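Observations on the model geometry
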Amino acid sequence: MYNPQLNKDGELTHLLSIEGLPKRILDQILDTAASFMEVSAREVKKVPLLRGKSVFNLFFENSTRTRTTFEIAAKRLSADVINLDINKSSASKGETLLDTIDNLCAMHANLFVVRHASSGAPYLIAEHLRKAGRDDIHVVNAGDGRHAHPTQGLLDMYTIRHYKKDFTQLRVAIVGDILHSRVARSDIHALTTLGVPEVRAIGPETLLPKHLDKLGVHVFHDMEEGLKDCDVVIMLRLQNERMTGALLPSAGEYFRHYGLTPQKLALAKPDAIVMHPGPMNRGVEIHSAVADGSQAVILPQVTFGIAVRMAVMSIVAGN
Amino acid sequence: MSAPNNAGVVALPDAEAQCRQLADLIRPHLSRNPALVGIHSGGVWIAGRLRELLGLTEEIGMIDVSFYRDDFAEKGLHPQVKPTAIPFDVEGRHLILIDDVLYTGRTTRAAINELFDYGRPASIALAVLADRGGRELPVAATWNTWDVALADGQSLVLERKDNGELAWRLENV
Amino acid sequence: MSTNIVIENGRLICPKNRVDRSSTPLYIQNGKMAGIGEAPAGFVAEQRIDATGCVVSPGFIDLGARLNSIEAELAAAVAGGVTSVVVPPDADPPLDEPELADRLVHRGKEIRKARVLPLGALTLGLKGERLAELAGLKKAGCVAFSQANKTVVDTEALLRAMEYAATFGFAVWLQPQDHWLSRNGIAHEGEVASRLGLAGIPVAAETIAIGTIIQLVRITGCRVHLTRISSAAGMALIQRAQLDQLPITCDVGIHHLLLTDNDIGYFNPHARFCPPLRSQNDRQALSDAVVAGRAAICSDHTPVGADDKLLPFGEAKPGATGLEVLLPLTLKWAESANVDLPTALARITSAPAEVLGVERGSLSTGTVADLCIFDPEATWQLTPEALKSRGKNSPWTGYPMTGKVKATLVSGRVVYQA
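A look at the packing of helix 4 (residues 97–106) of chain A against helix 5 (residues 121–131) of chain A
All names here are of chain A. Packing of helix 4 against helix 5 brings their axes to within 10 Å, and their N-to-C directions diverge by 50°. In this view, helix 4 runs oblique relative to helix 5, as classed from their interaxial angle. Read as a crossing pair, helix 4 and helix 5 show a hand that is right-handed. Note on element contacts: helix 5 touches helix 4 through A121, L124, I125, H128 and L129, opposite L97, L98, I101, D102 and C105. In terms of residue class, the contact of helix 4 with helix 5 is built from 8 nonpolar, 1 polar and 1 charged.

What to know about the environment of R115 of chain A
Residue and element names in this part refer to chain A. You can see R115 is positioned in strand 3 (residues 111–116). We classify R115 as buried; its relative accessible area is 7%. Separated by 53 residues in the primary sequence, R115 and N62 place their C-alpha atoms 8.3 Å from one another. When neighbours within four sequence positions are excluded, R115 is seen to be in contact with L58, F59, F60, E61, N62, S63, T66, A142, G143, H149 and R182.

Topic: the sheet that holds strand 2 (residues 80–85) of chain A
Residues and elements named next belong to chain A. Pairing is parallel across the open sheet formed by 4 strands, whose spatial order is 2-1-3-4. Strands at the two margins of the open sheet, each flanked by one partner only, are strand 2 and strand 4 (138–144). Between one strand and the next, the sheet's axes are offset by a mean angle of 15°, whatever the strand orientation. Pairing analysis gives 6 bridges linking strand 1 (residues 54–59) to strand 2, with the strands arranged parallel. Bridge pairing links F56 to I82 in strand 2.

Concerning the interface of chain B and chain A
Across the contact, 14 residues belong to chain B and 17 residues belong to chain A. For the pairing of chain B and chain A, the buried interface totals around 1,400 Å² over both sides, and the portion due to carbon and sulfur atoms is 60%. Among the residues chain B hides against chain A, the three largest losses belong to F67, F72 and L77 of chain B. Together they make up 44% of the total. Across the salt bridge formed by R42 of chain A and E114 of chain B, the nearest N and O atoms sit 3.2 Å from each other. In this assembly, chain B and chain A are joined by 6 residue pairs in polar contact (both at pLDDT 80 or more). Residue composition of the side of chain B that touches chain A, grouped by class: 7 nonpolar, 3 polar and 4 charged.

A short note on the side chain of S231 of chain C
All names here are of chain C. Relative to the helices and strands, S231 resides in the loop between strand 13 (223–226) and helix 8 (232–243). Within the local environment of S231, its side chain forms a polar contact with the backbone nitrogen of G234, the two atoms lying 2.9 Å apart. Apart from residues no more than four positions distant in its own chain, S231 is found in contact with V203, E206, T207, R278, D282 and L286.

Structural notes on the arrangement of the chains
Among 2 pairs of chains with at least one contact, chains A and C form the most extensive contact set. The least C-alpha distance between chain B and chain C, which are not in contact, is 26 Å.

A short note on a negative patch on the surface
On the surface, E95, D99 and D102 of chain A together with D307 of chain C cluster together to form a negatively charged patch. Within the secondary structure layout, E95 of chain A lies in the loop between helix 3 (88–91) and helix 4. Judged by relative accessible area, which is 35%, E95 of chain A ranks as partly exposed.

Considerations on the pairing of strand 17 (residues 400–410) of chain C
All names here are of chain C. Here strand 16 (residues 371–381) runs beside strand 17; their pairing, made up of 8 bridges, is antiparallel. Within strand 17, the position partnered with Q381 by the bridge is P400. By the bridge criterion, 4 bridges tie strand 17 to strand 18 (residues 413–417) in an arrangement that is antiparallel. Considered in strand 18, the bridge of A407 is made with Q417. Counting the residues that bridge the hairpin from strand 17 to strand 18 gives 2 residues, and of these S411 lies at a positive phi of roughly 50°.

Some thoughts on the environment of Y123 of chain A
Inspection of the secondary structure puts Y123 of chain A in helix 5. Between the C-alpha atoms of Y123 of chain A and T100 of chain A, which are 23 residues apart in sequence, the distance is 15 Å. Setting aside chain neighbours within four positions, we find Y123 of chain A in contact with P4, Q5, L16, S17 and H147 of chain A together with Y266 and F267 of chain C.

A word on unusual backbone geometry
Across the junction of G278 of chain A and P279 of chain A, the peptide omega takes the value -10°, indicating a cis bond. Position of P279 of chain A among the secondary structure elements: in the loop between strand 9 (273–275) and helix 11 (288–291). Cis rather than trans, the peptide bond between C274 of chain C and P275 of chain C has omega equal to 5°. Of note, P275 of chain C is situated in the loop between helix 9 (254–258) and helix 10 (280–291). Phi angles above zero are rare outside glycine, and S23 of chain C is one such case at about 50°. With respect to the element layout, S23 of chain C can be found in strand 2 (residues 19–29). Non-glycine residue L126 of chain C carries a positive phi angle of around 60°.

Considerations on the sheet that holds strand 6 (residues 60–62) of chain C
All names here are of chain C. Overall, parallel pairing links the 8 strands, which are arranged 6-7-8-9-10-13-14-15 in an open sheet. Each edge of the open sheet is held by one strand with a lone partner, namely strand 6 and strand 15 (296–298). The sheet shows a mean angle of 30° between the axes of neighbouring strands, taken without regard to direction. Across the face of the sheet, helix 7 (residues 204–220) comes into contact with strand 10 (171–174), strand 13 and strand 14 (248–253) while running at roughly 165° to strand 13.

Quick word on the interface of chain A and chain C
Taken together, the contact between chain A and chain C spans 26 residues of the former and 18 residues of the latter. In total, about 1,800 Å² of surface goes out of reach between chain A and chain C, with carbon and sulfur atoms giving 62% of it. Summed over the three residues of chain A that lose the most area to chain C, namely S119, L124 and H211 of chain A, the buried surface amounts to 21% of that side. Joining chain A to chain C, the criterion identifies 2 salt bridges. Between E19 of chain A and R195 of chain C there is a salt bridge, and its shortest N-O distance comes to 2.9 Å. At the surface where chain A touches chain C, the tally comes to 6 residue pairs in polar contact (both at pLDDT 80 or more). Only helix 4, helix 5 and helix 7 (182–193) of chain A provide two or more residues apiece to the side of chain A that touches chain C. Per-element tally for the side of chain A that touches chain C: the top contributor is helix 5 of chain A, with 3 residues. Partitioned by chemical class, the residues of the side of chain A that touches chain C number 10 nonpolar, 10 polar and 6 charged.

Each value, and the rule that gives it
Position labels on residues start from 1 in each chain and follow its written sequence. Key to labels: chains lettered from A, ligands numbered from 1, both in the order written. It should be noted that, the model being predicted, local features are given only for residues of pLDDT at least 70 and side-chain atom pairs only at 80 or more, the latter also being counted only at that level, while totals for whole chains, interfaces and linings use all residues. Note that water and hydrogens are dropped before the side-chain values are worked out from all heavy atoms of the structure. In this analysis an axis means a line fitted to C-alpha atoms, helices contributing only their contacting stretch, and an angle means the value between N-to-C directions, from 0 to 180 degrees. A helix here means a DSSP run of H or I that spans at least four residues, while a strand means a run of E at least two residues long, and both kinds are numbered starting from the N terminus. Under this scheme an angle from 65 to 115 degrees is roughly perpendicular, one under 35 degrees roughly parallel, and one over 145 degrees roughly antiparallel; angles in between are oblique. By convention the crossing between two helices is left-handed if the near helix lies anticlockwise of the far one by an angle smaller than a right angle, and right-handed if it lies clockwise. The contact criterion used is simple: two residues touch if any of their non-hydrogen atoms lie within 4.5 Å. Residues were grouped as follows: Ala, Val, Leu, Ile, Met, Phe, Trp, Tyr, Cys and Pro as nonpolar; Asp, Glu, Lys and Arg as charged; and all remaining residues, including Gly, as polar. Relative accessible area decides the class of each residue, using a 1.4 Å probe on protein chains only: under 20% of the type maximum gives buried, over 50% gives exposed, and in between gives partly exposed. Note on pairing: DSSP must find at least two bridges between two strands before they are called paired. Values labelled buried area give the accessible surface lost by two parts on being combined, using a 1.4 Å probe and summing over both. Here, a salt bridge means any side-chain nitrogen of Lys or Arg that lies within 4 Å of a carboxyl oxygen of Asp or Glu. Two N or O atoms count as a polar contact when they lie within 3.5 Å, although within protein this holds only if one can serve as hydrogen donor and the other as acceptor, and sequence-adjacent residues are included solely when both atoms are side-chain atoms. Like charges are joined within 9 Å and nonpolar side chains (Val, Leu, Ile, Met, Phe, Trp, Tyr) within 5 Å, but only among residues with over 30% relative accessible area and no salt bridge; these make up the patches. Each accessible area value is a Shrake-Rupley result obtained with a 1.4 Å probe; residue values ignore everything except the protein chains displayed when judging cover. Charged-residue counts in this description rest on Lys and Arg as positive and Asp and Glu as negative, His and the chain ends being excluded. Here the site of a charge means NZ on Lys, CZ on Arg, CG on Asp, or CD on Glu.

The structure is reproduced here in structure tokens:
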């Protein structure tokens, strides 16, 4: 079956989504990331892999955090990085997404890192490049609408592997606004592909997509039930900007039922780790005591993120 | 000089003995307190042997040159990148870079580039078990135990047997 | 100037009159059907058309086709065997003034290809607030009144509009879509949308709207035609209403009989439709309803330029080209639903004619000679070049199509020949 992320030899040429990637590719990315961790610990934090290559950060949705980590990662690979913040108004001045891509290809772009508000935008770009015969240009999805944020999913898996080693023995809970979360979707696909036997989603009915069970997830509306004996708790940010309807009465009520407090965390295993893709809303989805506590691995996630992005870019750019 | 005999077969020497030979070559030069750096995987095994044979206490360095290779555009990133670990300060040190087979010289160049990203060594010497000629860059081994010519399509591979012993194997590419 | 034409050697199929005769001639005189099998007295053929290997059927009546650039689209219609086109009122400007309807009908007559049957806007600007001049629009040629795919949000306004239409015996065509439940969605709320992170439009958006409309029909007695039904639950509600003898008819877009939300694949913008493609179960129920004769088929022809289609799924304009694929896709559906050719043809000829209440869509002697001659086995490749329509947007691009129109006649005149 045709997979737009893989080339004819079955190697990764674009990273668009974790869904559809075989386990061996996820393992390859995680293993490669481990090598790049070492690079980041050196005095000279660079390797010459992408020297002379141009990486274009195409962010149609603002995000200083993610864009910065991609920029750091690309520069540590010795690539030239060009940042393009394309807000809605300049795009609406006539130039379509594909026109923008064509222009940038004419400027010898080698790799596009794309963040877009519409689910599926990176696929449109990858398909356009394929039709134009440009299999030398690669696309990395930095987040598309609600659909996927594969590098975040991968760095979350790297984090879990770092602390817990063996995926096949774990109980992992994802808590919060999964309906609107591309991070959650990517995490779910990664966890199931890597063989995690129990993946749980915890949230109110209004924040969970229908048919979550078809993705291999156990749904809980009661957080205390859902957290029992978990090894990993992934907290999602409550995204104000994504909610377009009356899905929640208030942040206060949300925190009472679905916020992670030290008491609720105690229901998970004593050595459970707490993760969060950031940025955190303290007092909304997570209590400060937990965010700053010993079980939170939120800052290491950021460090792992650079190594994972270096791994992704160097793998696709070489295929 | 070992050359293929009439049947095109090269008689393979004892790699362990060659390690002892290499150690003998290096031993007179230990006064500069050199640090050993092995190139994965064969070079790392040999470096381990040399450390024992030379009675050195310092840990060996290990390099994977995947990120410094010059054939990234054609071949892409190697699927199995092993960790690079340099447990000592490169700055001002005399280093002995160790590999199993010296061939085109590109791996050596990549390793040297990588080492220089850690600091500025005082010197780098190259120690190999086998030199098969075919150089494409101006690189030479400081110490070598075996000059060998291979037929086209043949490749020399150092492997570690189950009992830990190092041995050569000839492969057809 | 009307020629005496005989169409020979074709398989004549008239679903309405249950005619299915092979190698039978059809006689046309004065722009009307003059006889089947036997020439009328004194008939002298001035033109002979050889329909060997072809089916001769009534010209297709398409209950929904947008004519953005009218010349190209009417040419596309007859190339697809469509002789009458019902045009939704959502062009720019919306068809809410009698003069606009006049102009459209007049232009259609000038072009002399397919017949143009405009739907008038039910409300001014299709805003769902103030009534348009329904009687004036009718006089100017509108066959019924519609909101295209825009909803009348104000229930009272819809009630009054239907009451007013009922006063004159006018039919109201509505696409059942609850405004609130559908305004943010771009795909069927189901497993595919959950996986792909696409905002969903639940089936409830259709059933709640159908429920409301059914109640309003009970109250007003207004005749309603529900367009582009997309769900099993929606069809079930309509079936019950029809069993209750309410004056409600419905149609299904041809793409909804063949595709499901799975066809979105990797965010294919050509699979974005309004209403959305739904699940396999829904598709099956729609097909069953069409087989049973409870719904007609239409193309829902919506030409969209590449600039408006080659966008991320949620930004792409919904809809696909339909006029030239109506025949092959209907034949394709017929094969999978195991219905014979006459039944399939009925859904695009006599059934739409019944919805419109017109004496067309049949090969009856004395009726106007709107005909399609087609080869049901001929295959052709769907490419942009093969289409006369300006709308090249299709999920079938590159696929082989089976069923090719050889000639189309309107009022006994050949308006298309392959």
